[in-house]
Amino acid sequence: MTQRFLVVAPGRGTYGRQELGWINSHSFSPRALDLLAKADAARLKAGLPSITELDSSEKFRPSLHQSGANSSALIFTLAAMDFVTLEDRLGDGQKIAGVFGNSMGWYSSLFTSGHLSFEDAYAIVETMGQRQKDGLIGGQLIYPVCNSQWQIIDGRIKEVEQQLAELNKQDGIEVYVSIYLGGNLVLAGNNAGLEALKNSLPQVELGSHKYPFQLAMHSAFHSPLLSPASLDAKAHFATAPLSWQRGRYPLIDGRGYNWLPYGGSDSAALQDYTLGHQVTESYDFSAAVRIALREYNPDQVILLGPGSTLGSSIAQTMISERWRGIKSRDDFMNAQKNPNRPLIALGRSEQRDAFFSGLTTGV
Amino acid sequence: MEINRALVIDRNFREHFATWTSPPKLRAPRDKSPLAPGCSLTPSEFLNILYAQMQNRALDLVARELRAENEGFYTISSSGHEGNGLVAFHSKPTDMAFLHYRSGPFMMQRARQKPAQSPIFDTCLSFVASKEDPIAGGRHKVWGSPELGVPPQTSTIASHAPKAVGAAFAHGRSNDRTRSPRLNKDSIYICSFGDASLNHSTIQGSLNTASWIAYQKLPLPILFLCEDNGLGISVATPENWVQQSIRGRAAISYHQADGTDVLAASDAIAAAVAECRTRRRPVFLHLKVVRLMGHAGSDPEYRYRSIEDIEASEALDPLLNTASQAVELGLMSPTELLYQYESILEQARAAGQEAKSRPRHESPETIMEPLEIQSPSSAFPPPEADKRKKFWKDKLPEKGKPKHLAKLLNLALHDMMSEDERIIMFGEDVAIKGGVYTVTSNLTKRFGVARVFNTLLDEQAILGLAIGAAQTGLLPIPEIQYLAYLHNAVDQIRGEACSLKFFSEGQFTNPMVVRIASFAYQKGFGGHFHNDNSIASLRDIPGLILAAPSTPADAVHMLRASVRMANESGAVVGFLEPIALYMTKDLLENGDGLWLDDYPAPDTPFQAFEPAFYGPEDSELLIITYSNGHYLSRQAQADLAKDGHNVRVMDLRWLLPLNEDAIAEAARKAKQVLIVDEGRKTGGISEAIFTILTEKVGGDCSRWRRIVGHDTFIPLGRAWTYVLPSREGIYQTAKTMLGA
């Protein structure tokens, strides 16, 4: 029986203090190191600090590592390196059944699915990153819609959506669901909108955190507030065309739509989605996970590094899907104790090491 | 020979591409030249079609594997019918599709048109009859999806065709306010069936109806998709039968396409769809396909087909052909193609394994959930007073004199139609004539022929129109001219209208109130066909509601309640109007006017499913009855009162579901019970009531008797008096029971 994996690329905010020094503390295939070299060269050429330089800084500095101009490129490159390392280490009878990502991870997925070269996908990351180099456009905050067992509370998402609709009736306020992120919603808004949300959403305490919680250095991604960025990007890539390729793996987008490989996807439609809907409308990561689990039913889901915070969101959708009988956080945690755990986070050393050492061939 | 042809077909496919030497170079991505002359598909479109075909094939194989594991319960395959996917490709989810069972490629293809679809897993859930099957909740293997515009069909005999025609017709009668949000102004309706089903009366009737409508230049955007694989289980279709029998039908446009050849068929199918859409006329698309893997997994095809014949079909495998075209066109290498084929098969197998772990039904309660009958809300908004006053020109009907049943029903229909613009009425002679009994008089004049119109003389078409119209968003109140006429078309209620909620978990409904002029007592005129007293064929239909009013005011209340239930819970209601009481004014003697009623104002409270009682609770005798039996019992009650007997009459009013608790409670309070059922002795309501008394009341059964219709058809002339309950008969039996 073939062992089949779904591979998920993380979004922004997954490179934090703990990830500093990632490159030196993990092993990569030579092809991954080639990608790093390419990224570094492109960064230097653009007058930006290289990925290697950022990752080997002595200290983690949010203003440096989490700035729009650096964070996306860092996460994109490291995820791509993880992906090719994974690809290179897969043995006979092991395959990637499909790929997807969260938010900025969509651009990574365009690379991992084989629809864009590393350079072209990187170009999108850079271009979108530059749209905000002059400052943040609004912001994002995170708000839970699940209980402590990671089960989505009946009707909660709808309640929040209704509240957004109410707030949007007020002058000067713009608020949207930015990401449907398993047991959380990422909400986007202009500054007045964010304030209104903080004042009106019922406070929730989950674990040691209090919500709503504003994400530092994030713009109001996946909302109409980013429409100018979308138009800019469309104009930019009209003059600097992307070389779309046939793709090698099925790719699931932020609506749960399934793009098929080997030429089965219309490049123009894919570009249109990437620079349009994907930028200005909600990113339904929950739908992506749901459709991925349902349609591909992998043996395991692999979350690329850096970081592993997206893992809980994936688990929350596994729970709402009752996938493999997982119905709660406890069920998930128990399942994770098995060698064939449902989710492998390559950003967690013990899981990464166990997984890579379990693959039959190595580089 | 290998009996398992699925294995052979799978092996053929693999060998074909594994042994393909020196394939053409891959086509350059920037190559904009057409794939083939006369084919407008782009490379990615072509590959999308190929993938949908592969998904379908994988599901066919997995269905058989799950069956072998004793986990799957459905093996009718769609392999060979891949061409129907092209119809999905060239249509849209706003084009409602009534599909037959070999529609896997269509569903896979249509699922490509919307995000967040999981057709492979969903299909596996239905194979294993899991409760989580998103369309039927595991109650049946059906193709269906609200989002994809596919109401589930249970039909293996094309009995979905009348409603497809009905929906296409009703589309022209709806507007932006009344049309279902799932549809567009330019929607077309697709109805697929096989070449063998073409011979079924449902399709023949539907083609005739379509032709009759389009011949009058009325719009009818329906695409009949006849998938001709040349076989109906084991019976071969005569050569050229389909085209010979269809070509030349008035006002139906015939198209043909080779469903085994995507490059050749695509533009032809696009043209057929376009003609249907733009010209709003019926199109018959004759799609030549083959049948692979037998009729079903359990079908020993080799017993009735030679191996040469079977292999000849397999050589035409449409998937093999599409995949070969992909390689020949340089869209994929044979290696990539096999990799994709294998990946999709693995995907379907994994989905099947996950699906079989999902819960199944384990109690009648969960199975029957969608059939649950909900009472109408008692708090409903009263009609807008000003609007209503204007409609009635200040002469509100409730201010008028008492009137008979037919007139009050007519007034109620006026009220309801003016209030709810989704209501449409139709049937034989209902328009200008106002129906045989004037119940629909003046409605056409007031509301126009678009909302109240005559149909052709075909009950199957009338009920099909009702089902279809309801699915487009309208609220149909069709009329069946006589109860006896219902029987030639009753499957439209039994197998279609009432099963829709069951097979869609209530996601699709076809609310309607079917008015049926019913029952006997027409003083010797008309014989059986105008006096039919049998409702046995309706009584056991799950989910159906049967109303049988007998007084004018009840008729109004019950019609309003029926329409509310249709509106609120998508109910299908059979409304049995007593012909003999339509014009009845008097009860006991000429001119007493005791059977006339005031028109109840629309905000008058009324509780559905409750019986009516006449007489004191603590009576010596309780008569349980309905309709004409109620009328006769009330006469007998008066006769008995003269003799000093205290008798209570219970009018059931609702015959399905029977209010068992009310019957038992009333019976417990009475010393004796007499059931007066004008239906037949066998299969009539009296049997059910006797059972309720036995199960819920118990004790000495000799306290209960029944007077029923004989097990006969109703004869002509005075002979009818010998076979039906009468005033005198009720009186005499009651006297006997009362010991006088």
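Details of the structure are given in the entry above.
Residues numbered from 1 in each chain as written. Chains lettered and ligands numbered in written order. Predicted model: local features only at pLDDT ≥ 70, side-chain atom pairs only at ≥ 80, totals over all residues. Heavy atoms only, no water.

## Concerning the interface of chain A and chain B
Next up, step 1: The interface of chain A with chain B comprises 29 residues on the first partner and 30 residues on the second.
Next up, step 2: In this assembly, chain A packs against chain B so that about 2500 Å² is buried in total across both faces, 45% of it on carbon and sulfur atoms.
Next up, step 3: When the area that chain A buries against chain B is broken down by residue, the three leading residues are Y262, R294 and E295 of chain A, summing to 26%.
Next up, step 4: Our count for the chain A to chain B interface comes out at 5 salt bridges.
Next up, step 5: Ionic pairing is found between D122 of chain B and R294 of chain A, a salt bridge with its closest N-O pair at 3.2 Å.
Next up, step 6: One can count 19 residue pairs in polar contact (both at pLDDT 80 or more) joining chain A with chain B.
Next up, step 7: Broken down by element, the residue count for the side of chain A that touches chain B peaks at 5 residues, all from helix α13 (residues 285-296) of chain A.
Next up, step 8: Of the residues that constitute the side of chain A that touches chain B, the class distribution is 10 nonpolar, 8 polar and 11 charged. (Contact = heavy atoms within 4.5 Å. Buried area = accessible area lost by both parts, 1.4 Å probe. Salt bridge = Lys/Arg side-chain N within 4 Å of Asp/Glu carboxyl O. Polar contact = N/O pair within 3.5 Å; in protein donor to acceptor, adjacent residues only side chain to side chain. Helix = DSSP H or I, 4+ residues; strand = E, 2+ residues; numbered from the N terminus. Nonpolar A, V, L, I, M, F, W, Y, C, P; charged D, E, K, R; others polar.)

## Some details on the packing of helix α6 (residues 105-112) of chain A against helix α7 (residues 118-130) of chain A
All names here are of chain A.
Next up, step 1: Interhelical geometry of α6 versus α7 gives an angle of 170° and a closest axis separation of 8 Å. If you check the angle between α6 and α7, you find them roughly antiparallel. Here α6 and α7 pass one another in a crossing that is right-handed. Contacts between α6 and α7 involve Y107, L110 and F111 from the former and F118, A121, I124, V125 and M128 from the latter.
Next up, step 2: In the contact of α6 with α7, the residues fall into 8 nonpolar, no polar and no charged. (Axes fitted to C-alpha atoms, helices over the stretch in contact; angles between N-to-C directions. Parallel < 35°, antiparallel > 145°, perpendicular 65-115°, else oblique. Left-handed = near helix turned anticlockwise from the far one by under 90°.)

## Regarding the state of the cysteines
Each disulfide consists of one covalent bond between the sulfur atoms belonging to two cysteines.
Next up, step 1: With the rule as written, the count across this model stands at 0 disulfides over all chains.
Next up, step 2: This cysteine, C191 of chain B, is not joined by any disulfide, and C226 of chain B carries the nearest cysteine sulfur, 10 Å off. (Disulfide = S-S within 2.5 Å.)

## Quick notes on a nonpolar patch on the surface
Next up, step 1: A cluster of nonpolar side chains, contributed by M1, I3 and Y302 of chain B, occupies part of the molecular surface with about 320 Å² of accessible area.
Next up, step 2: Examined against the element boundaries, I3 of chain B turns out to sit in the segment before α1 (5-18). (Patch = residues over 30% accessible without salt bridge, like charges linked within 9 Å, V, L, I, M, F, W, Y side chains within 5 Å. Areas by Shrake-Rupley, 256 points an atom, 1.4 Å probe, with all protein chains shown as cover.)

## Focus: the sheet that holds strand β8 (residues 213-215) of chain A
All names here are of chain A.
Next up, step 1: Sheet architecture is open: 5 strands sit in the order β8-β3-β5-β4-β11, paired in mixed fashion. Looking along the sheet, the strands with just one partner apiece sit at the ends: β8 and β11 (283-284).
Next up, step 2: One ladder, built from 6 bridges, connects strand β3 (residues 139-144) with strand β5 (residues 184-189); its direction is antiparallel. Considered in β5, the bridge of G139 is made with G189. (Pairing = 2+ DSSP bridges.)

## Concerning unusual backbone geometry
Next up, step 1: The residue after Y211 of chain A, namely P212 of chain A, is reached through a cis peptide bond having omega 5°.
Next up, step 2: Mapped onto the elements, P212 of chain A comes out in the loop between β7 (209-211) and β8.
Next up, step 3: Going from L656 of chain B to P657 of chain B, the amide bond is cis rather than trans, its omega being -5°.
Next up, step 4: By the element assignment, P657 of chain B lies in the loop between β17 (654-656) and α24 (660-669).
Next up, step 5: In this model, S22 of chain B sits at a positive phi of 40°, which is unusual for a non-glycine residue.
Next up, step 6: Structurally, S22 of chain B can be placed in the loop between α1 and α2 (43-68).
Next up, step 7: By relative accessible area, S22 of chain B is classed as exposed at 68%.
Next up, step 8: With a phi close to 65°, K217 of chain B is a non-glycine residue in the positive phi region.
Next up, step 9: Within the secondary structure layout, K217 of chain B lies in the loop between α7 (201-215) and β3 (222-228). (Buried < 20%, exposed > 50% of the residue type's maximum accessible area, 1.4 Å probe, protein only.)

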